[in-house]
Amino acid sequence: PFLGVSGAHHEISHHQDLPENFEKLTTIGTWEVERFADLVSRLKAVNEGEGTLLDHCALYFSSEVADGNRHEHENMPVLLAGRGGGAIAPGRHLVYNDMPVANLFLSMLRMVGVQDESFGDSTGTLEGLLG
C-alpha cells in the first residue's frame, strides 16, 4: 500500500496478462531496483583497504521466477554487483542458456573458497563468471 499499489504482490505476479497487473509490477519492481541501487551506492561509498566495501563483496539481485504467471525459470534476469574480492570482473553482460540458477550459487560459493561439488540442482559452475 505504501507504493500506491492495491493487492498482494504474489497475486499480482500471477498477472494473467492484464495490463493493470503489469503496471503494478512495474511500480513494485522499480521500487525494488531503487533499493538495490541505493545499497550498491552505499557499499561503494565505504572505503575498505585497497578498495571499497562493494569491491569486496558480491550482491545477487533477481526474482524467483522469470514469469510469475507461468512459473517459468527460463531466461531469468539476474544482476550481480561488486567484484567479490577480485573474483568477478564487473561491467559485463553474460548470457547462460539452459543453466539452473543453482550454478550461479555454486560459482559464488567457490568464489569465497567453498569447494562443494554441488548446490541444489546445479550441474556445475558458470564458465567465464569468475576470474
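What you are looking at is a predicted structure, and each value in this text was computed from that prediction instead of being measured.

(A) Quick peek at the pattern of salt bridges. This model, assessed by the stated rule, comprises 3 salt bridges. Taking the shortest distance from any N to any O, the salt bridge between Glu34 and Arg35 comes out at 4.0 Å. For Glu34, a relative accessible area of 43% translates into the label partly exposed. On the basis of relative accessible area, Arg35 is assigned to the partly exposed category, the value being 38%. Of the charged contacts in the structure, one is a salt bridge between Arg83 and Asp55, with a shortest N-O distance of 3.2 Å. Of the two residues, Arg83 sits in the loop between β4 (79-81) and α3 (102-111) while Asp55 sits in the loop between β2 (51-52) and β3 (59-61), which places them 28 residues apart along the sequence. Residue Asp55 is classed as partly exposed on the basis of its relative accessible area, which comes to 22%.

(B) Local environment of helix α2 (residues 19-44). Relative to the 38 Å expected for 26 residues at 1.5 Å per residue, α2 spans 37 Å between its end C-alpha atoms, a close match to the ideal helical length. Taken residue by residue, α2 has Asn21, Ile28, Phe36, Val40 and Leu43 as its buried positions. Residues of α2 that are buried make contact with α1 (9-13), β2, β3 and β4.

(C) Geometry of the packing of aromatic side chains. One pass over the full model with this rule turns up 4 aromatic pairs. Each ring, one from Phe105 and one from Phe119, has its centre 5.8 Å from the other, and the planes form 75 degrees; the classification is edge-to-face. Within this pair, whereas Phe105 is found in helix α3, its partner Phe119 is found in the segment after α3, the two being separated by 14 residues in sequence. Judged by relative accessible area, which is 24%, Phe105 ranks as partly exposed. A connected cluster of aromatic rings, assembled from ring pairs, spans Tyr60, Phe105 and Phe119.

(D) Summary view of the environment of Leu3. Tracing the chain through its elements places Leu3 in the segment before α1. Residue class for Leu3 comes out partly exposed when judged on its relative accessible area of 27%. Non-local contacts of Leu3, meaning those with residues more than four positions away in its chain, are made with Thr27, Ile28 and Trp31.

(E) View of α3. Here α3 lies mainly inside the structure; 7 of its 10 residues are buried. Considered for burial, the residues of α3 that qualify are Ala102, Asn103, Leu104, Leu106, Ser107, Met108 and Met111. In this structure, the buried residues of α3 make contact with β3 and β4.

What counts and how
Residues numbered from 1 in each chain as written. Predicted model: local features only at pLDDT ≥ 70, side-chain atom pairs only at ≥ 80, totals over all residues. Heavy atoms only, no water. Salt bridge = Lys/Arg side-chain N within 4 Å of Asp/Glu carboxyl O. Buried < 20%, exposed > 50% of the residue type's maximum accessible area, 1.4 Å probe, protein only. Helix = DSSP H or I, 4+ residues; strand = E, 2+ residues; numbered from the N terminus. Expected span 1.5 Å × (residues − 1). Contact = heavy atoms within 4.5 Å. Phe/Tyr/Trp six-rings, centres within 6.5 Å; stacked < 30°, edge-to-face > 60°.

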